[in-house]
Amino acid sequence: MDNRYMLNICGTNIGVISNETEQDVMNLAKKAEDLIMDVKKSCEFANLEMSAIVAIMTLLEEFNEMKKSVEDNRNTQRSDLFEIEKYKNLYEQTKVEVETLRRELDLLRSNKRIIK
């Protein structure tokens, strides 16, 4: 269900539609405002719009780093699954070979009894 919220970030009123709870949306708005204000404080000539753009660029950079990390983890998991499948197949082949050897051994033992 979509919820509608009115936020005020750095003096700007913003209407938001979200599936998140009001508290989650408010926390996100607070974090956004804090980040924008941190950028504004660190560069005295930056106005609010410039600070917001730098904040967005910072968040996009962090997002891209997280996305790359997730993709790397996904590739590692795929590789691990491939290895697991390979060893599973080797295990199955070994089981078949062991069973074949058991049958051959049993046959040899039975033939030895017949010869005596």
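Computed from a predicted model, the values in this text were never measured in an experiment.

1. Structural notes on the overall build of the chain
Next, step 1: Per the secondary structure count, the chain includes two helices and two strands.
Next, step 2: The N-to-C order of helical and strand elements in the chain reads β-β-α-α.
Next, step 3: In terms of overall size, the chain is more extended than a compact globule, its C-alpha atoms giving a radius of gyration of 32 Å where 116 residues would be expected to give roughly 13 Å.
Next, step 4: Here the chain holds 116 residues, and 10% of them are scored as buried.
Next, step 5: Accessible surface computed for the chain: about 10,200 Å², of which carbon and sulfur atoms make up 58%.
Next, step 6: Averaging the coordinates of the 18 positive side-chain charges in the chain and doing the same for the 22 negative ones gives two points 15 Å apart.

2. Quick look at helix α1 (residues 22-42)
Next, step 1: The first and last C-alpha atoms of α1 sit 30 Å apart over 21 residues, in line with the 30 Å expected at 1.5 Å per residue.
Next, step 2: Along α1, the residues classified as buried are V25, A29, I36 and V39. All buried residues of α1 lie within an arc of 90° about the axis, which places them on one face of the element. Residues of α1 that are exposed and point more than 90 degrees away from the buried face comprise Q23, K31, K41 and S42.

3. Description of the environment of M26
Next, step 1: Tracing the sequence through the fold places M26 in helix α1.
Next, step 2: Taking relative accessible area as the criterion, M26 reaches 39% and is therefore assigned partly exposed.
Next, step 3: In the structure, M26 is positioned 20 residues away from M6 in sequence and 9.5 Å away in space, judged by C-alpha atoms.

4. Quick look at the environment of L35
Next, step 1: Residue position: L35 is located in helix α1.
Next, step 2: Measuring from C-alpha to C-alpha, the distance between L35 and S51 comes to 8.6 Å, with 16 residues separating the pair along the chain.

5. Things to note about the pairing of strand β2 (residues 12-18)
Next, step 1: Sheet analysis places strand β1 (residues 3-9) next to β2, joined by seven bridges and oriented antiparallel. By the bridge assignment, Y5 is partnered in β2 with V16.
Next, step 2: Remark: two residues form the turn of the hairpin made by β1 and β2, two consecutive strands paired antiparallel; C10 in that turn has positive phi of roughly 55°.

6. Points about the state of the cysteines
Next, step 1: Per the stated rule, a full pass over the model turns up zero disulfides.
Next, step 2: Its sulfur unpaired, C10 is 15 Å from the next cysteine sulfur, which belongs to C43.
Next, step 3: Look at C10 and you get buried, because its relative accessible area is 17%.

7. Considering the environment of S42
Next, step 1: For S42, the position within the fold is in helix α1.
Next, step 2: According to the relative accessible area criterion, S42 is exposed, its value standing at 62%.
Next, step 3: Within the local environment of S42, its side chain forms a polar contact with the backbone oxygen of V39, the two atoms lying 2.8 Å apart.

Reading the values: the criteria
Residues numbered from 1 in each chain as written. Predicted model: local features only at pLDDT ≥ 70, side-chain atom pairs only at ≥ 80, totals over all residues. Heavy atoms only, no water. Helix = DSSP H or I, 4+ residues; strand = E, 2+ residues; numbered from the N terminus. Rg over C-alpha atoms; globule rule 2.2 N^0.38 Å. Buried < 20%, exposed > 50% of the residue type's maximum accessible area, 1.4 Å probe, protein only. Areas by Shrake-Rupley, 256 points an atom, 1.4 Å probe, with all protein chains shown as cover. Lys, Arg positive; Asp, Glu negative; His and termini not counted. Charge placed at Lys NZ, Arg CZ, Asp CG, Glu CD. Expected span 1.5 Å × (residues − 1). Arc of directions from axis to C-beta. Pairing = 2+ DSSP bridges. Disulfide = S-S within 2.5 Å. Polar contact = N/O pair within 3.5 Å; in protein donor to acceptor, adjacent residues only side chain to side chain.

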